[in-house]
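What follows is each chain in one-letter form.
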Amino acid sequence: MSEKPIHAAYPGSTGNEESFIQGVKDCLPTVLGYLSIGFAAGVVEKTAGMSLAEIALMSLLLYAGSAQFIAAGMMAAGSPATAIIFTVFFVNLRHLLMSAALAPYFRHLPAWRNAGIGSLLTDETFGVAASRLTGKSKGSEKWMFGLNLTAYLNWIVANVAGGIFGQWIPDPEKFGLDYALPAMFIGLFMLQLLERSKPGIDLLVAFSAVVTAIAGSVFISESAGVLIAILFAASIGVWIEKWK
């Protein structure tokens, strides 16, 4: 019995559109952003006193831009290890939400292969994957690994490069390197807004997220406020989409 062509499983697509190589190609915009952000992270980590081996291990094992910037800053400030660990943990809790959002598209895969996909998921690859998988019943494992692995390897290389050249940049903030991460998020956010062409819903969701995050930060904590804002704003967006 011959196998079904991949485009039969993904209506409206071809085998090439769901291949590993296509995943690599779809990651190119993220690669360009990661080169600058990863380099900036490596510089900040180097100025925080980390060795090149520690920078490589952090990018290899932690693999989270915002968490690495925060950890480097807390290390430079002399914060205790327990405080750094708990802060990074709460900052990265959003990965549970992103994994849960993509999980329905990969139910056909065994748990260990899902774990491989989820362990390399980032904010940026999640955004690309969410746009690609919308309207489909299943996701392509090959395409997802092409996307994730390309971003992962590029991030490691960029971090190490920043660590190597960071010794000649004692003050990263002077060159605006500390702004690299939010700058890329803004760029990705604008691209998604232009693709959706639903400014009314997007503005309402954004406004809800900002108000909720500020309120949560005032009455609970900054990290909890961000998590609550994500859940609340996303729920509003989904409800409006279904109601319309």
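Up top is the structure these notes are about.
Everything numeric here is computed off the predicted structure, so don't read it as measured data. (Residues numbered from 1 in each chain as written. Predicted model: local features only at pLDDT ≥ 70, side-chain atom pairs only at ≥ 80, totals over all residues. Heavy atoms only, no water.)

Student: Would you mind going over the overall build of the protein in detail, with residue names and values included?
Tutor: Along its length, the protein carries 13 helices and zero strands. The secondary structure elements of the protein, listed N-terminal to C-terminal, are α-α-α-α-α-α-α-α-α-α-α-α-α. Residues counted as buried form 38% of the 244 residues belonging to the protein. Counting contacts in the protein only where the partners sit at least 6 residues apart, residues at least 24 apart contribute 76% of the total. As presented, the protein carries roughly 13,800 Å² of accessible surface, and 71% of it is formed by carbon and sulfur atoms. (Helix = DSSP H or I, 4+ residues; strand = E, 2+ residues; numbered from the N terminus. Buried < 20%, exposed > 50% of the residue type's maximum accessible area, 1.4 Å probe, protein only. Contact = heavy atoms within 4.5 Å. Areas by Shrake-Rupley, 256 points an atom, 1.4 Å probe, with all protein chains shown as cover.)

Student: Break down helix α7 (residues 94–102) for me, with residues and values.
Tutor: An α-helix turns once every 3.6 residues. As a result, residues three or four positions apart point the same way. Taken together, the buried positions of α7 are occupied by Arg94, His95, Met98 and Leu102. The arc enclosing the buried residues of α7, seen along the axis, measures out at 100°, which places them on a common side. (Arc of directions from axis to C-beta.)

Student: Quick one: what's the story with the nonpolar core, residue by residue and with numbers?
Tutor: Of all hydrophobic cores here, the largest spans 27 residues; its most connected members are Tyr63, Ala129 and Met144. Mapped onto this core, the elements with two or more residues apiece are α3 (28–47), α5 (65–76), α7, α9 (123–133) and α10 (141–165). At seven residues, the largest contribution of residues to this core is made by α10. Not counting residues up to four positions away in its chain, the partners in contact with Ala129 are Leu102, Trp143, Met144 and Leu147. Core analysis: the second largest hydrophobic core is formed by nine residues, Met50, Ala71, Ile84 and Val88 among them. (Core = buried A, V, L, I, M, F, W, Y, C linked by side-chain atoms within 4.5 Å.)

Student: Pulling in residues and values, what's your account of the environment of Glu45?
Tutor: With respect to the element layout, Glu45 can be found in helix α3. Under the relative-accessibility criterion, Glu45 is labelled buried at 0%. Placed 27 residues apart in sequence, Glu45 and Ala72 show a C-alpha to C-alpha distance of 5.2 Å.

Student: Give a description of the environment of Met74 that names residues and reports values.
Tutor: With respect to the helices and strands, Met74 occurs in helix α5. Met74 sits in the buried class, given a relative accessible area of 16%. Here the alpha-carbon distance between Met74 and Thr87, two residues 13 residues apart in the chain, equals 9.5 Å. Here Met74 is in contact with Ser79, Ala83, Ile84 and Thr87, once residues within four sequence places are set aside.

Student: So what's going on with the packing of α5 against helix α6 (residues 81–91)? Which residues, and what values?
Tutor: Where α5 contacts α6, the axes come no closer than 10 Å and their chain directions differ by 160°. By the angle between their axes, α5 is roughly antiparallel relative to α6. Between α5 and α6 lies a crossing of right-handed hand. Within the contact between the two elements, α5 uses Ser66, Ala67, Ile70, Ala71, Met74 and Met75 and α6 uses Ala83, Ile84, Thr87, Val88 and Val91. Classifying every residue of the contact of α5 with α6 by side-chain character gives nine nonpolar, two polar and no charged. (Axes fitted to C-alpha atoms, helices over the stretch in contact; angles between N-to-C directions. Parallel < 35°, antiparallel > 145°, perpendicular 65-115°, else oblique. Left-handed = near helix turned anticlockwise from the far one by under 90°. Nonpolar A, V, L, I, M, F, W, Y, C, P; charged D, E, K, R; others polar.)

Student: For the packing of aromatic side chains, give the residues involved together with the corresponding values.
Tutor: Evaluated as defined, the whole model comprises three aromatic pairs. A ring pair is formed by Tyr34 and Trp155, whose centres lie 5.2 Å apart and whose planes are at 65°; its orientation type is edge-to-face. Taken together, the positions of Tyr34 in helix α3 and Trp155 in helix α10 put the pair 121 residues apart, joining distant regions of the chain. Trp155 shares its class with Tyr34; the two are buried. Ring centres of Phe39 and Phe165 lie 6.4 Å apart, and the angle between their planes is 35°; on these two criteria the pair is classed as tilted. (Phe/Tyr/Trp six-rings, centres within 6.5 Å; stacked < 30°, edge-to-face > 60°.)

Student: So what's going on with the packing of α3 against α10? Residues and values would help.
Tutor: Running from N to C, α3 and α10 point in directions that differ by 40°, and their axes come no closer than 6 Å. Between α3 and α10 lies a crossing whose hand is right-handed. For the pair α3 and α10, contact is made by Thr30, Val31, Tyr34, Leu35, Ile37, Gly38, Phe39, Ala41, Gly42, Val43, Glu45 and Lys46 and by Thr150, Ala151, Asn154, Trp155, Ala158, Asn159, Ala161, Gly162, Gly163 and Phe165, respectively.

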